[in-house]
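The residues making up each chain are set out below.
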Amino acid sequence: MALVNEQFLKLPGSYLFADIARKVAAYREAHPGRDIIRLGIGDVTLPLPQVSIEAMHRAVDEMADSRTFHGYGPEQGYGFLIEAIIRGDYEPRGISLKPGEVFVSDGAKSDTGNIGDILSRDNVVAVTDPVYPVYVDSNVMGGRAGELGGDGRWSGLCYLPCTADNAFVPALPDRKVDVVYLCYPNNPTGTTLTRGQLKQWVDYALANDVLIMFDSAYEAFISEDDVPHSIYEIEGARRCAIEFRSFSKTAGFTGVRCGYTVVPEEVTARLADGTRAALNPLWNRRQCTKFNGASYITQRGAEAIYTPEGRRQVREHIDYYMANARAMREGLKAAGIEAWGGVNAPYVWLKTPAGVGSWQFFEQMLDRAGVVSTPGAGFGPSGEGYIRLSAFGKQEDCREAMARLRRWLG
Ligand code: PLP
């Protein structure tokens with residue numbers, strides 16, 4: 001008799017973006033011909049950088065010839081991409097990594113969702129609130145979240161509220177936790193931590209034996225000097241942090257799928273008998289068993305962004321999206337709406353008018369302005385009263401959306 005992992009049954013029925021898609025589809029049906037601008041889901045709209053397209057074409061040609069064909073690759077990723085990552089993303093910031101510390105994957109969603117495989121069910125997990133839902137849902141699946149309460153909080157998780165009241169900087173947990181997920185620059189709020197603020201977290205983690213899961217999927221969007229791109233810029237982080245990165249937003253790889261995770265050799269966690277084990281070999285073992293590598297073609301496409309021309313093309317993409325973010329911040333200000341983010345991240349997080357909830361404002365914005373947003377409440381209880389707008393749309397759409405919001409609210 002097969003028994004179900006009943007933790008799955010605790011999860012709310014559908015994924016946030018499925019709920020939004022359903023509401024938008026119903027609205028479309030009721031208002032055929034209405035022009036709708038989608039600034040909801042965080043998916044890119046520009047095509048792949050030309051360097052990646054050319055590299056992938058070449059890789060396809062290699063696959064077509066038995067002399068250069070590639071079958072299964074290394075589960076950890078090809079050496080050429082790992083070297084490019086270390087040289088391109090870390091060495092310029094004074095961080096040295098060994099090739100065995102970098103694990104290439106099919107994206108940061110898989111890795112942030114799967115990392116719990118190597119951790120005991122007994123860990124107490126802390127998450128910032130609002131939060132990228134994968135951290136919460138994967139810990140529900142792993143049996144670490146307890147029960148979902150009527151207030152939208154899981155009884156077993158420690159929530160670290162991030163709201164305008166604390167300038168979106170989470171306070172250190174006020175109870176013992178074992179694992180904390182930090183995502184900076186942040187999805188959904190678009191805010192960041194300064195070097196000093198992140199150092200407080202690293203110092204806290206080292207002093208309290210806490211493992212930090214640091215998701216820096218949006219590091220390429222950082223524009224301010226005092227915002228760290230990698231947690232390993234902070235002294236001691238190699239002993240307490242795992243870092244997740246993605247090519248999705250940096251290089252338009254949302255549909256191609258490639259990311260990587262850094263597990264330094266020094267990161268350890270405790271065993272029940274009080275001894276410690278390094279996590280790097282465990283993640284390696286997990287990947288070797290359950291993952292067969294990102295495709296050769298994909299990894300050649302990713303490698304290409306580290307060439308001088310690739311860097312230039314990626315910069316152009318990021319500048320395009322960040323110009324959208326700027327236009328959105330300015331447009332919201334002109335419409336009299338308080339907003340955050342959009343300086344070091346491609347998301348703008350705005351406050352709904354007093355007394356109007358996230359979902360209500362989402363529906364009003366759709367109805368009155370024809371703009372699709374994401375209700376902040378979908379990212380956690382502290383997201384209530386906020387809305388997320390994504391800067392990944394087309395420039396003309398972002399500008400038109402702001403003009404509509406100004407007409408509606410201004
Ligand atoms: N981490 C964060 C914070 C994200 O916002 C996203 C995607 O939206 C991901 C990870 C997933 O990235 P990937 O496309 O590499 O799976």
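In this text the structure is predicted, and so the values were computed from the model without any measurement.

Conventions we followed
Residues numbered from 1 in each chain as written. Predicted model: local features only at pLDDT ≥ 70, side-chain atom pairs only at ≥ 80, totals over all residues. Heavy atoms only, no water. Salt bridge = Lys/Arg side-chain N within 4 Å of Asp/Glu carboxyl O. Helix = DSSP H or I, 4+ residues; strand = E, 2+ residues; numbered from the N terminus. Buried < 20%, exposed > 50% of the residue type's maximum accessible area, 1.4 Å probe, protein only. Polar contact = N/O pair within 3.5 Å; in protein donor to acceptor, adjacent residues only side chain to side chain. Contact = heavy atoms within 4.5 Å. Pairing = 2+ DSSP bridges. Axes fitted to C-alpha atoms, helices over the stretch in contact; angles between N-to-C directions. Near = heavy atom within 4 Å. Areas by Shrake-Rupley, 256 points an atom, 1.4 Å probe, with all protein chains shown as cover. Nonpolar A, V, L, I, M, F, W, Y, C, P; charged D, E, K, R; others polar. Right-handed = clockwise from strand over helix to strand, strands pointing away. Patch = residues over 30% accessible without salt bridge, like charges linked within 9 Å, V, L, I, M, F, W, Y side chains within 5 Å. Core = buried A, V, L, I, M, F, W, Y, C linked by side-chain atoms within 4.5 Å. Disulfide = S-S within 2.5 Å. Expected span 1.5 Å × (residues − 1). Arc of directions from axis to C-beta.

It is worth spelling out the pattern of salt bridges at this point. Opposite charge on two side chains permits pairing when their charged atoms draw close. Across all of its chains, the model carries 25 salt bridges by this definition. The closest approach of N and O atoms between Arg-87 and Glu-83, which form a salt bridge, is 3.6 Å. Residue Arg-87 and its partner Glu-83 are both found in helix H4 (residues 79–90); the two are separated by four residues, about one turn of the helix. On the accessibility criterion, Arg-87 (52% relative accessible area) is exposed. Judged by its relative accessible area of 30%, Glu-83 is partly exposed. Arg-238 is the salt-bridge partner of Glu-101, the closest N and O atoms lying 2.5 Å from each other.

Here Ser-216 shows up in the loop between strand S6 (211–215) and strand S7 (241–246). Residue classification places Ser-216 among the buried residues on the basis of a relative accessible area of 1%. For Ser-216, the side chain forms a polar contact with the side chain of Arg-245, separated by 2.9 Å. Setting aside chain neighbours within four positions, we find Ser-216 in contact with Tyr-184, His-229, Glu-243, Phe-244 and Arg-245.

Turning our eyes to something else, we now look at the sheet that holds strand S12 (residues 347–351). Whenever strands of a sheet pair, they do so through backbone hydrogen bonds, lying parallel or antiparallel. Spatially, four strands are ordered S11-S12-S15-S14 in an open sheet, and the strand pairing comes out antiparallel. Two strands lie at the open edges of the sheet, namely strand S11 (339–341) and strand S14 (374–375), each paired on one side alone. Relative to strand S15 (residues 386–390), S12 is paired through five bridges, and the arrangement is antiparallel. Considered in S15, the bridge of Lys-351 is made with Tyr-386. Contacts from helix H11 (residues 308–334) reach S11, S12 and S15 within the one sheet, and its direction differs from that of S12 by about 15 degrees. With respect to the sheet, helix H12 (residues 358–369) is in contact with S12, S14 and S15, its orientation differing from that of S15 by roughly 45 degrees.

Near the ligand you find 14 residues, and of these Asp-215, Tyr-218, Ser-246, Ser-248 and Arg-257 are the closest. Contact distances for the ligand include 2.6 Å between a nitrogen atom and a side-chain N or O atom of Asp-215. The side chain of Lys-249 places a nitrogen or oxygen atom 2.8 Å from an oxygen atom of the ligand. Its free accessible area being 390 Å², the ligand has 91% of it covered by the protein chains. Looking at the shell around the ligand, the elements with two or more residues in it are helix H5 (108–114) and helix H8 (248–251). Grouping the amino acids of the shell around the ligand by side-chain chemistry returns six nonpolar, four polar and four charged.

A cis amide bond links Tyr-184 to the next residue, Pro-185, at an omega of -5 degrees. At the junction of Asn-187 and Pro-188, the peptide bond is cis and its omega measures out at 20 degrees in the coordinates. Its place among the elements puts Pro-188 in the loop between strand S5 (179–183) and helix H7 (195–208). With phi around 65 degrees, Phe-168 is a residue other than glycine that occupies positive phi space. Inspection of the secondary structure puts Phe-168 in the loop between strand S4 (158–161) and S5. Overall, the relative accessible area of 1% leaves Phe-168 in the buried class.

Quick look at the pairing of S5 now. The buried count for S5 comes to five of five residues, which makes it a mostly enclosed element. Where strand S3 (residues 125–129) and S5 come together, three bridges link them in parallel fashion. Looking at S5, one finds that Val-127 is bridged to Tyr-181. In terms of strand pairing, S5 meets S6 through five bridges, oriented parallel. Bridge pairing links Leu-182 to Phe-214 in S6. After leaving S5, the chain enters H7 and then returns to the sheet as S6, a path that is right-handed.

Taken together, Val-4, Phe-8, Leu-9 and Met-141 make up a surface patch of nonpolar side chains, about 400 Å² in accessible area. With respect to the helices and strands, the residue Val-4 is situated in the segment before helix H1 (7–10). Using a relative accessible area of 54% as the deciding quantity, one classes Val-4 as exposed.

Right, let's talk about the nonpolar core for a bit. Nonpolar side chains in soluble globular proteins generally cluster together in the buried interior. Residues Ile-212 and Phe-247 are the most contacted members of the largest nonpolar core, which totals 93 residues. Not counting residues up to four positions away in its chain, the partners in contact with Ile-212 are Val-180, Leu-182, Trp-201, Val-202, Ala-205, Ile-231, Cys-240, Ala-241 and Ile-242. Core analysis: the second largest hydrophobic core is formed by 28 residues, Phe-103, Val-125, Val-263 and Trp-283 among them.

Under the counting rule described, the total for this entry stands at zero disulfides. The cysteine Cys-240 is free of any disulfide, with Cys-158 supplying the nearest cysteine sulfur at 17 Å.

On to helix H2 (residues 16–30). With 15 residues, H2 ought to run about 21 Å at 1.5 Å a step, and its terminal C-alpha atoms sit 22 Å apart, in line with that. Among all positions in H2, only Leu-16, Phe-17, Ile-20, Val-24 and Tyr-27 are buried. Seen along its axis, H2 keeps its buried residues to an arc of 85 degrees; they face one direction. Of the exposed residues in H2, the ones pointing more than 90 degrees away from its buried face are Arg-22, Glu-29 and Ala-30. Residues of H2 that are buried sit in contact with strand S1 (37–38), H12, strand S13 (371–372), S14 and S15.

Bear in mind that shape data such as this cannot, by itself, settle questions of function.
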